[in-house]
Amino acid sequence: MAISVPSGTTIDEAFRRKFARSAALYERARASIAGGITHDSRNFAPFPVYVERAQGSRKWDADGNELVDHWMGHGALILGHGHPAIQAALSEQVTLGTHYGASHEVEVSWAEEICRLVPSAEWVRFTMSGTESTMLAIRDARAFTGREKVIRFAGHFHGWHDYAMAGYQPPFDTPTSIGVPSDVAASMLIAYPNRIESVRALMDQCPDQVAAVILEPGGGSNGIIPTDIQFLRDLRDLTRERGVVLIFDEVITGFRYAPGGAQERYEVTPDITTLAKIVAGGLPGGAVAGRKDILDVQTFKGDLQKDRFARVLQQGTFNANPLSAVAGLTCLRIIAEGWPTEQAERSCEQLRHSLREVLQRRNVQGTVVGEASVFQILLGDELDEALAESDANRLMAGRGAVNTLRKAMLVNGVDLMRSGGFTSIAHGDQEIEHTINAFEASLEMLQREGLA
Ligand SMILES: Cc1ncc(COP(=O)(O)O)c(C=O)c1O
C-alpha cells in the first residue's frame, strides 16, 4: 500500500474523491436511519466510511479502498478480523443452532475460562454488551450493600445507560445525554481521576450511602487519562475499609492489558469486573464477574418471598447465545496462551514510539499516550495548559484537529479510532510502518492547511 499525498487538493476534497460511494450510501442511510448512523462514534463529517469486508488487520470499503484498521471492532478484535479458529468454531456452531432458549455446555466452559483468567472472577453472569454489564454490576452492588450512591470518575466511560451519563464529558456536573432523570444523575457522585482525596471526601459527605466505586482501571476514556497504580491500591484499601464494592470496568482492558486484564497487570483485585468486547471473541456479548457473595444477589433461593423481594432480576434474550459463547470461548483459550496480549503490546509500543518521533520530526505539538495495545494521539497547543489545570481536561485537549487528522489518515489508507486505536496480533511490521508513513503524510497535509 503506497502512500502518495495528493497535492493541490484539500484534505476534504481528497476524502470526498476517495470515498465517493460512502457519500452516496450515507445519503441513502439518512432516509431510513435516524441521523444516518447507528453508533454516535460514527458521526463523522462530511460522511462516515462504509466498509464491505475485513480480514486480519485490514478492511476494504465500498469504493474498494484498502485500510489498515485501528478500530478493530471497537477493541473487540485482539486476534484480528476473521481469525481462522473463531471462524471455524462459528461455522460449526451455526449448523448446531444459534439459539436454544436453554442452558448449554459452551456457556459453562466460557464462564470457567473467565474464572481461570480473571483474578476477581469467582462467578460470572453473561450480558450482551458492556453497557449492560456496567448497568448490572451497579445494580448488584446496590442490592448487596443496600446503599444507593455510586462514585464514578470524571471522563471515564461506562456505556450509555442512564447511570453512565453523569460525569462522562465536561462539564462533568451535566449528564452527557439529555433524557436522563435528575434523580438518576444525582445518585452518581463524580470524583477526579487519580485523586484519592476526592473519593474520600465524597464518602465522608455521604456516610454509609455509597454502594460502589466504578472506574476504568487503565485510565479514563480508554487511557487518555492514564492510571496511577498507587491510586488504584489506595482505592482498593479505601473501598475495603468503607464496605464499598469496587468495580473495575474492564470492557476494554480485559484480556488486553494482560490475559487477566488490568487487575492482573497492576496486581489490584476489584470485587466486581465488567467485561465485553474481547470476552465474546468479536461477537456481541458481555459479562459481570466477581465475588460469589456479591453475585449471589442474583441467585434464586427457592423461597417465594426472597426471590420476589430480595433478589436482583436479570434477563436478556441473547445472553450467552451459542454463537457468542463459542466465539468467546475460542478467543479466550487463545488469549490464555499468553502471547497474543504480549505481541499486540509490542507492536503498539513500537507504534507509539514512532508516532512520537514523527511529531517531533515535523515539529508538531502534541503527544502519544496509551498502554498495552492501546494508543491515543493528542494534538494541539492547549495540551500543556489543560494538563496543568486538570487531568480530566485532557479529554478536551488536542481534540480540535482530531476529525481532520482522522480524515487525512483515511485518505492515506488508515482508519484510526477517533485519534488512536488498537493493535492486534494481525498488526505486524508492515502495518505499523504503513500507519507511521500515513501519519507523516497526514501531518504534512494538516500543516499545509495550517491545522498543525
Ligand atoms: C470502558 C467501557 N465500558 C463500557 C463500554 C460500553 O460497552 P458496549 O459498547 O459494549 O455497550 C465501553 C465501550 O466502548 C467501554 O469502553
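All values reported here derive from a predicted model rather than from experimental measurement.

1. Some remarks on the domain arrangement of the chain
If you check the domain split of the chain, you get domain 1 (11–81 + 339–448) and domain 2 (100–320). The gap between the C-alpha centroids of domain 1 and domain 2 is 28 Å. Across the boundary between the two partners, domain 1 contributes 20 residues, which contact 24 residues of domain 2. Put simply, the parts of the chain that give the side of domain 1 that touches domain 2 at least two residues each are helix H3 (72–75) and strand E13 (374–379). Top contributing element to the side of domain 1 that touches domain 2 by residue count: H3, with 3 residues. Among the residues making up the side of domain 1 that touches domain 2, the classes are represented as 9 nonpolar, 8 polar and 3 charged.

2. Concerning the site of the ligand
Inspection of the region around the ligand gives 14 residues, with Ser129, Gly130, Thr131, Gly159 and Val251 positioned closest. Residue contributions to the shell around the ligand peak at 3 residues, all from helix H6 (residues 130–145). When grouped by side-chain class, the residues that make up the shell around the ligand number 4 nonpolar, 8 polar and 2 charged.

3. What about the confidence of the model for the chain?
Summing up the model confidence of the chain, the mean pLDDT is 94 and the portion of residues at 70 or higher is 94%. Note that pLDDT drops below 50 for residues 385–389; the model gives that stretch 5 contacts with residues more than four away or on any other chain.

4. Focus: the environment of histidine 353
Here histidine 353 shows up in helix H15 (residues 339–361). Judged by the 11 C-beta atoms lying within 10 Å of it, histidine 353 falls in the exposed class. Each C-alpha atom, one on histidine 353 and one on glutamate 148, is 44 Å from the other, the two residues being 205 residues apart in sequence.

About the thresholds
- Residues numbered from 1 in each chain as written.
- Predicted model: local features only at pLDDT ≥ 70, side-chain atom pairs only at ≥ 80, totals over all residues.
- Domains from an automatic or database assignment.
- Contact = placed C-beta atoms within 7 Å.
- Helix = DSSP H or I, 4+ residues; strand = E, 2+ residues; numbered from the N terminus.
- Nonpolar A, V, L, I, M, F, W, Y, C, P; charged D, E, K, R; others polar.
- Near = placed C-beta within 6 Å.
- pLDDT = per-residue confidence, 0-100.
- Buried ≥ 20, exposed ≤ 12 C-beta atoms within 10 Å, placed from the backbone.

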